[in-house]
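Read off the chains here:
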Amino acid sequence: MSTSESQAGGRAAVRLLQGYVWHPQDADIELEHYLPRELDLTGGDSEGAHVLWDGVNPPFAFFENGEPTASQAFYQFTVLRVYDERPSNEALHEDATLASGLLDPLLEATPQGFGWQLWEDLRDL
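What counts, and where the lines are drawn
- Residues numbered from 1 in each chain as written.
- Predicted model: local features only at pLDDT ≥ 70, side-chain atom pairs only at ≥ 80, totals over all residues.
- Heavy atoms only, no water.
- Helix = DSSP H or I, 4+ residues; strand = E, 2+ residues; numbered from the N terminus.
- Contact = heavy atoms within 4.5 Å.
- Areas by Shrake-Rupley, 256 points an atom, 1.4 Å probe, with all protein chains shown as cover.
- Polar contact = N/O pair within 3.5 Å; in protein donor to acceptor, adjacent residues only side chain to side chain.
- Pairing = 2+ DSSP bridges.
- Axes fitted to C-alpha atoms, helices over the stretch in contact; angles between N-to-C directions.
- Phe/Tyr/Trp six-rings, centres within 6.5 Å; stacked < 30°, edge-to-face > 60°.
- Buried < 20%, exposed > 50% of the residue type's maximum accessible area, 1.4 Å probe, protein only.
- pLDDT = per-residue confidence, 0-100.
- Core = buried A, V, L, I, M, F, W, Y, C linked by side-chain atoms within 4.5 Å.

1. Brief notes about the overall build of the chain
Logical step 1: Along the chain, the regular secondary structure elements total 1 helix and 5 strands.
Logical step 2: In the chain, the succession of α and β elements from N to C terminus is β-β-β-β-α-β.
Logical step 3: Here the contacts in the chain between residues at least 6 apart in sequence split such that 75% fall between residues at least 24 apart.
Logical step 4: Carbon and sulfur atoms form 49% of the exposed surface of the chain, whose accessible area is close to 7,200 Å².

2. Focus: the side chain of Gln18
Logical step 1: Within the secondary structure layout, Gln18 lies in strand S1 (residues 12–24).
Logical step 2: There is a polar contact of 3.1 Å between the side chain of Gln18 and the side chain of Thr78.
Logical step 3: The contacts of Gln18, once residues within four sequence positions are left out, are Gln76, Phe77, Thr78, Gln117, Leu118, Trp119 and Asp121.

3. Here's the deal with the sheet that holds strand S5 (residues 115–120)
Logical step 1: The sheet built from 5 strands is open, its strands ordered S2-S3-S4-S1-S5 with antiparallel pairing. The open sheet is flanked by strand S2 (38–39) and S5, the only strands paired with a single partner.
Logical step 2: Pairing geometry for strand S3 (residues 49–56) and strand S4 (residues 72–83), over 8 bridges, is antiparallel. Note that in S4 the partner of Val51 across the bridge is Val79.
Logical step 3: The strands touched by helix H1 (residues 89–108) within the sheet are S1, S2, S4 and S5, with S1 carrying the most contacts at an inclination of about 20°.

4. With respect to the packing of aromatic side chains
Logical step 1: Considering all chains together, one arrives at 10 aromatic pairs under this definition.
Logical step 2: Ring geometry for Trp22 versus Phe60: centroids 6.5 Å apart, planes at 90°, classification edge-to-face. Linking Trp22 in strand S1 with Phe60 in the loop between S3 and S4, this pair joins segments that are 38 residues apart in sequence.
Logical step 3: Between Phe60 and Phe63, the aromatic rings sit 5.9 Å apart at their centres with planes inclined by 75°, giving edge-to-face as the arrangement.
Logical step 4: Phe60 sits in the partly exposed class, given a relative accessible area of 27%.
Logical step 5: Grouping aromatic residues by their ring pairs yields a cluster made of Tyr20, Trp22, Phe60, Phe63, Phe74 and Trp119.

5. A word on the pairing of S4
Logical step 1: The element S4 is largely enclosed, with a buried count of 11 among its 12 residues.
Logical step 2: Sheet topology note: the S1/S4 ladder contains 12 bridges and is antiparallel. Looking at S4, one finds that Val14 is bridged to Arg81.

6. Focus on the confidence of the model for the chain
Close reading of the predicted structure is inappropriate where its pLDDT is low.
Logical step 1: Mean pLDDT over the chain: 90, with 90% of residues reaching 70 or higher.
Logical step 2: Of all the helices and strands in the chain, S2 carries the lowest mean pLDDT, 95, while S3 carries the highest, 97.
Logical step 3: When the criterion is pLDDT under 50, residues 1–7 qualifies, and its contacts beyond four places in sequence or with other chains add up to 14 contacts.

7. Some remarks on the nonpolar core
Logical step 1: Formed by 25 residues in total, the largest nonpolar core has its most connected members in Leu16, Leu39, Phe77, Val79 and Leu103.
Logical step 2: Elements with a minimum of two residues in this core: S1, S3, S4 and H1.
Logical step 3: In contact with Leu103, not counting residues within four places along its chain, are Leu17, Leu35, Pro36, Leu39, Phe77 and Val79.

Now the structure itself:
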């Protein structure tokens, strides 16, 4: 069965966005003050997308500018949605684009020194 076909007999949890967010370790930043735990992708008609983050070791040693990442607090960041049946990849892409659009102004409003790297990732969980 291809991933674009619906899975028979059950709900499907699909990762829409994946990546990292980070900030200086000495910054007093609580992610809950800037990022929601849920995103409404449907106007309230059904279950929204879940926004998850977990602290991790920096996934790379240096940023592109050569600055070491060791001074940063890193979080694995995932946006996932549970569907009654797995939608087509086109519908998943639309949901990922909508989620990204909802998160963008929130991420842009974070304090100086806060960074992120997110990408679309339409794999089942």
